[in-house]
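The lines below spell out each chain.
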Amino acid sequence: MSNEPEIRDAQPVDVPKLVSLRGGGERFEQTMLGYLQGTYFPSCALADRAVFVGTVDNVFAGYIAGHRTTRHGCDGELQWLNVAECYRGMGVAGALIERMFDWFIDHSILNVCVNVASENVVARTVYFRHGAQQLDPHWLVWPNLSAR
Ligand SMILES: CC(C)(COP(=O)(O)OP(=O)(O)OC[C@H]1O[C@@H](n2cnc3c(N)ncnc32)[C@H](O)[C@@H]1OP(=O)(O)O)[C@@H](O)C(=O)NCCC(=O)NCCS
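What comes next concerns the included structure. (Residues numbered from 1 in each chain as written. Predicted model: local features only at pLDDT ≥ 70, side-chain atom pairs only at ≥ 80, totals over all residues. Heavy atoms only, no water.)

Taken as a whole, this structure holds three salt bridges when the rule is applied. Across the salt bridge formed by E77 and R71, the nearest N and O atoms sit 3.2 Å from each other. Accessibility expressed as a relative area gives 3% for E77, which makes it buried. (Salt bridge = Lys/Arg side-chain N within 4 Å of Asp/Glu carboxyl O. Buried < 20%, exposed > 50% of the residue type's maximum accessible area, 1.4 Å probe, protein only.)

See the structure below:
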């Protein structure tokens, strides 16, 4: 057992696990499935999107999702990031963020935003550690992912 996070593409079969980290029940399950299958478009979203799952010792530990957008003049938005409580502090979010950034860069999406509550100190710390800058009280931005 390495305890090192591993990252893979999410599949529709993962949806119940993804939803279990956020609550929201069946409605959010439909939203997540639609996001994964390209039929649900968050505000300003375009078609390109990706969802990745993080595992530790082959056990589901968290996920990240992001898409192409026109929001805030950015090319990309980080839509969701959640890590199960028992796997926090092990670098799962860091590994997910790096995989998501690789996907953005592969798709020439270099200017990326994320909505994060001002009181969410942990998430903000993680994003700032990964090079984010403050856009306004509710949004952080990576102005150029390839220059981080
Ligand atoms: C934010 C979240 C994704 C981080 O996941 P994680 O896998 O624990 O993150 P990592 O292990 O990659 O990084 C942990 C880092 O969090 C920070 N952190 C952890 N606990 C913290 C605390 N109590 N206060 C401040 N920072 C803290 C530290 O920077 C830590 O880095 P270090 O301990 O290695 O120096 C996770 O806490 C989570 O799912 N939170 C609920 C959902 C959420 O807020 N999502 C983001 C919405 S925008």
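With that settled, consider the site of the ligand. Within the structure, the ligand sits among 19 residues, and L81, G89, G91, N120 and R129 are positioned closest to it. A93 is positioned with one of its backbone polar atoms (N or O) 3.0 Å from an oxygen atom of the ligand. Within the backbone of G94, one N or O atom sits 2.9 Å away from an oxygen atom of the ligand. Here the ligand has 960 Å² of accessible area as a free molecule, and 66% of this is covered by the chains. With six residues, helix α4 (residues 121–129) is the largest single contributor of residues to the shell around the ligand. Among the residues making up the shell around the ligand, the classes are represented as 10 nonpolar, seven polar and two charged. (Near = heavy atom within 4 Å. Polar contact = N/O pair within 3.5 Å; in protein donor to acceptor, adjacent residues only side chain to side chain. Areas by Shrake-Rupley, 256 points an atom, 1.4 Å probe, with all protein chains shown as cover. Helix = DSSP H or I, 4+ residues; strand = E, 2+ residues; numbered from the N terminus. Nonpolar A, V, L, I, M, F, W, Y, C, P; charged D, E, K, R; others polar.)

Once that is clear, we can look at the nonpolar core. Residues F104, Y127 and W142 are the most contacted members of the largest nonpolar core, which totals 27 residues. Mapped onto this core, the elements with two or more residues apiece are β2 (45–56), β3 (59–69), β4 (76–83), α3 (92–106), β5 (112–115), α4 and β7 (139–142). When residues of this core are assigned to their parent elements, the largest contribution, eight residues, is made by α3. Filtering out sequence-adjacent residues up to four positions away, Y127 remains in contact with L78, L81, I97, V114, V116, A132, L140 and W142. Core analysis: the next-biggest nonpolar cluster, separate from the first, contains 14 residues, A10, V19, L36 and F60 among them. (Core = buried A, V, L, I, M, F, W, Y, C linked by side-chain atoms within 4.5 Å. Contact = heavy atoms within 4.5 Å.)

Interpretation note: all reported values are geometric properties and have no functional meaning in isolation.
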